Amino acid sequence: MSRYLSPRLAALDAYTPGEQPRDMQYIKLNTNESPFPPSPLVLEKVSEAEVGRLNLYPDPEATVLRQKLAALHGLKPENVFVSNGSDDILNFAFMAFCDENRGAAFADITYGFYPVYGDLYGIDCKVIPLKGDFTLDPTEYHGLGRMIVIANPNAPTGLTISEADIRGILESNPDNVVLIDEAYVDFGGKSVYPLVKEYDNLLVVQTYSKSRSMAGARLGFAFGCTELIRDLELIKYSTNPYNINRLTMIAGEAAIDSNDYFMDNVNKIIEAREYTASELRKLGFTVTDSKANFLFAKSDRIGGEELYLELKKRGILVRHFSKERIKEYNRITVGTMEQMEKFVAAVADILY
Ligand SMILES: *Cc1c(COP(=O)(O)O)cnc(C)c1O
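All values derive from a computational prediction rather than experimental measurement.

Would you take a moment to explain the overall build of the protein for this structure?
The helix and strand tally for the protein stands at 11 helices and 12 strands. Relative to a compact globule of 352 residues, whose C-alpha radius of gyration would be 20 Å, the protein shows 20 Å and is just as compact. Dimensions of the protein, computed from the C-alpha atoms along their principal axes, are close to 55 × 50 × 50 Å. A fraction of 72% describes how many contacts in the protein between residues 6 or more apart in sequence connect residues 24 or more apart. When the accessible surface of the protein is summed, it comes to about 16,100 Å², and 50% of that surface belongs to carbon and sulfur atoms. Across the protein, the centroid of the 38 positively charged side chains sits 2 Å from that of the 49 negatively charged ones.

So, in structure tokens, the structure goes:
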């Protein structure tokens, strides 16, 4: 750290992204990307002609993109916010809805970025332990008087909570935002976006990074009541009004127009997930009932870190977290069926 850094930030423990090594070609099952490229329509629309217009600023209101997203979900454009990845929206939400008097609450085992935003803004964060089986007790989120952030499906467990449980949390916290992070919802969860018509305190956040094969484009979106969306716009126009670049905007519009292509890929990933889960169980693994594009598994024969290292030696990358409660587990992104067959063969080779 330089002597110029604000002392407020000196102790900040920043988020660590999954490794993106360049030393060799790995089967990359470590950052929950899609193994499939974006749709042919996305490739076609992000054309040379569009690149040629990069001298012009993009539409700060993302009018067409928001219209398309609203139409796809039966909402109005004023209920839609778009930004440079959903991490950006999470950041805006912590900025907009928390301060020294308004804290946040989230689980101990969940997306690792939530505590980082909390620390960045000096927000008091209540960390609520999941139960022994990694499920969440919704009653622990009742009447908290702070912004609540829940990933559904959760990361890195892939477990879901029900719409009824989310309603209970929304109803018992009418004066605080309840943010449901649905980064993985397309892989078997159920989105609660229709509830934004009923609950003013609900913010639903989704991303193009996982099910829509556009992690590299950086595009996230959120649904909420008009006032909540305006709050996010206040932050956007106070930091970076052109928060989505022209090419990403075009890619996003084309992605919505090729929904069937993505849903096809989602089904392939679900099939590969169920195959891999069942093979891992046969090999003695404990595997959570994941509804995401990853599995969360621990072996009865080998430690989590050791398995991660052995797989890496064999050219397969998975994600290992050293946090005490989950250090025997690995998070395995679900790739193509072919990749998962190679993964299962490597695991069997390591264990037997
Ligand atoms: C991947 C992920 C995000 C961030 O997605 P981007 O849109 O790529 O920024 C947010 N929340 C969870 C739970 C994620 O796993």
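Next comes the rest of the account.
Help me out: how do you make sense of the layout of surface pockets in this one?
Where empty space is left becomes clear once a probe the size of a water molecule has been rolled over the atoms. Computed from the structure, the second largest pocket encloses a volume of approximately 190 Å³. Together, 14 residues line the second largest pocket, and His73, Asp186, Tyr193, Gln206 and Arg212 are the ones closest to its centre. At the level of secondary structure, the elements contributing two or more residues to the lining of the second largest pocket comprise α3 (63-73) and α9 (259-282). The element that contributes the greatest number of residues to the lining of the second largest pocket is α3, accounting for 3 residues. Taken together, the residues of the lining of the second largest pocket sort by class into 6 nonpolar, 5 polar and 3 charged.

What is the right way to read the packing of aromatic side chains from this model?
To describe a pair of aromatic rings, one takes the distance between the centres and the angle between the planes. Within this structure, the stated rule accounts for 17 aromatic pairs. Where Tyr57 meets Tyr242, the ring centres are 4.2 Å apart and the plane angle is 15 degrees; that geometry is what we call stacked. With Tyr57 in the loop between α2 (48-51) and α3 and Tyr242 in the loop between α7 (226-239) and α8 (246-257), the pair connects residues that are 185 residues apart, well separated along the chain. By relative accessible area, which is 62% here, Tyr57 ends up exposed. Every member of this aromatic cluster is reached through a ring pair, and the members are Tyr15, Phe94, Phe106, Tyr111, Phe113, Tyr114 and Tyr117. The cationic tip of Arg212 hangs over the ring face of Tyr208; the distance from NZ or CZ to the ring centre is 6.0 Å.

In this structure, what is going on with the nonpolar core? I would like to understand it.
Burial of nonpolar side chains together is a common tendency in soluble globular proteins. Counting residues in hydrophobic clusters, the biggest one holds 48 residues, and the most contacted among them are Leu65, Tyr141, Leu202 and Tyr208. With near-sequence residues (within four places) excluded, Tyr141 lies in contact with Phe106, Ala107, Ile128, Leu136, Ile148, Ile150, Ile169, Ser172 and Asn173. By size, the runner-up hydrophobic cluster in this structure holds 34 residues, among which are Phe285, Phe294, Tyr308 and Ile350.

Is there a simple way to explain the side chain of Glu253 in this structure?
Structurally, Glu253 is set in helix α8. One buried charged side chain, Glu253, makes no salt bridge at all; its nearest oppositely charged neighbour is Lys68, positioned 6.0 Å away. Setting aside residues up to four positions removed in sequence, Glu253 forms contacts with Val64, Leu65 and Lys68.

Whenever I open this one, the packing of α9 against helix α11 (residues 337-351) confuses me. Can you help?
The geometry of a pair of packed helices is captured by two quantities: the angle between their axes and the separation between those axes. For the pair α9 and α11, interaxial distance at closest approach is 10 Å and the crossing angle is 10 degrees. Taken together, the axes of α9 and α11 are roughly parallel relative to one another. Contacts from Glu271, Ala272, Tyr275, Thr276, Glu279 and Leu280 in α9 reach Met337, Met340, Glu341, Phe343, Val344 and Val347 in α11. Residues that form the contact of α9 with α11 fall into these classes: 8 nonpolar, 1 polar and 3 charged.

Is there a simple way to explain the domain arrangement of the protein in this structure?
When the parts come together, some accessible area is lost, and that loss is often what is quoted as the size of the interface. The assigned domain composition of the protein is domain 1 (7-37 + 260-351) and domain 2 (40-257). Distance between the C-alpha centres of domain 1 and domain 2: 24 Å. Listed as interface residues are 32 residues of domain 1 and, on the opposing side, 33 residues of domain 2. Buried area between domain 1 and domain 2, summed over both chains or domains, comes out near 2,600 Å², and the portion from carbon and sulfur atoms is 67%. Together, Tyr15, Phe262 and Arg325 form the three largest contributors to the area buried by domain 1 at its contact with domain 2, with a combined 28%. Linking domain 1 to domain 2 there are 1 salt bridge. Across the salt bridge formed by Arg325 and Asp108, the nearest N and O atoms sit 2.8 Å from each other. Run the count over domain 1 and domain 2 and you get 11 residue pairs in polar contact (both at pLDDT 80 or more). Elements supplying a minimum of two residues to the side of domain 1 that touches domain 2: α9, β10 (294-298) and β12 (329-333). Per-element tally for the side of domain 1 that touches domain 2: the top contributor is α9, with 7 residues.

How do you make sense of the side chain of Thr207 when you look at a structure like this?
Counting through the fold element by element, Thr207 comes out in strand β7 (residues 202-207). Note on Thr207: relative accessible area 4%, which makes it buried. Among the polar contacts made by the side chain of Thr207, one reaches the main-chain amide nitrogen of Ser209 at a distance of 2.9 Å. Other than its neighbours up to four places away in sequence, Thr207 contacts Ser86, Ala183, Leu219, Gly220 and Phe221.

What counts, and at which threshold
- Residues numbered from 1 in each chain as written.
- Predicted model: local features only at pLDDT ≥ 70, side-chain atom pairs only at ≥ 80, totals over all residues.
- Heavy atoms only, no water.
- Helix = DSSP H or I, 4+ residues; strand = E, 2+ residues; numbered from the N terminus.
- Rg over C-alpha atoms; globule rule 2.2 N^0.38 Å.
- Contact = heavy atoms within 4.5 Å.
- Areas by Shrake-Rupley, 256 points an atom, 1.4 Å probe, with all protein chains shown as cover.
- Lys, Arg positive; Asp, Glu negative; His and termini not counted.
- Charge placed at Lys NZ, Arg CZ, Asp CG, Glu CD.
- 1 Å grid on protein atoms, 1.4 Å probe; cavity = no way out; pocket = protein on both sides within 12 Å on 5 of 7 lines; lining within 4 Å.
- Points joined across faces, edges and corners; volume = space filled by probe spheres on them.
- Nonpolar A, V, L, I, M, F, W, Y, C, P; charged D, E, K, R; others polar.
- Phe/Tyr/Trp six-rings, centres within 6.5 Å; stacked < 30°, edge-to-face > 60°.
- Buried < 20%, exposed > 50% of the residue type's maximum accessible area, 1.4 Å probe, protein only.
- Lys NZ or Arg CZ within 6 Å of the ring centre and 35° of its normal.
- Core = buried A, V, L, I, M, F, W, Y, C linked by side-chain atoms within 4.5 Å.
- Salt bridge = Lys/Arg side-chain N within 4 Å of Asp/Glu carboxyl O.
- Axes fitted to C-alpha atoms, helices over the stretch in contact; angles between N-to-C directions.
- Parallel < 35°, antiparallel > 145°, perpendicular 65-115°, else oblique.
- Domains from an automatic or database assignment.
- Buried area = accessible area lost by both parts, 1.4 Å probe.
- Polar contact = N/O pair within 3.5 Å; in protein donor to acceptor, adjacent residues only side chain to side chain.

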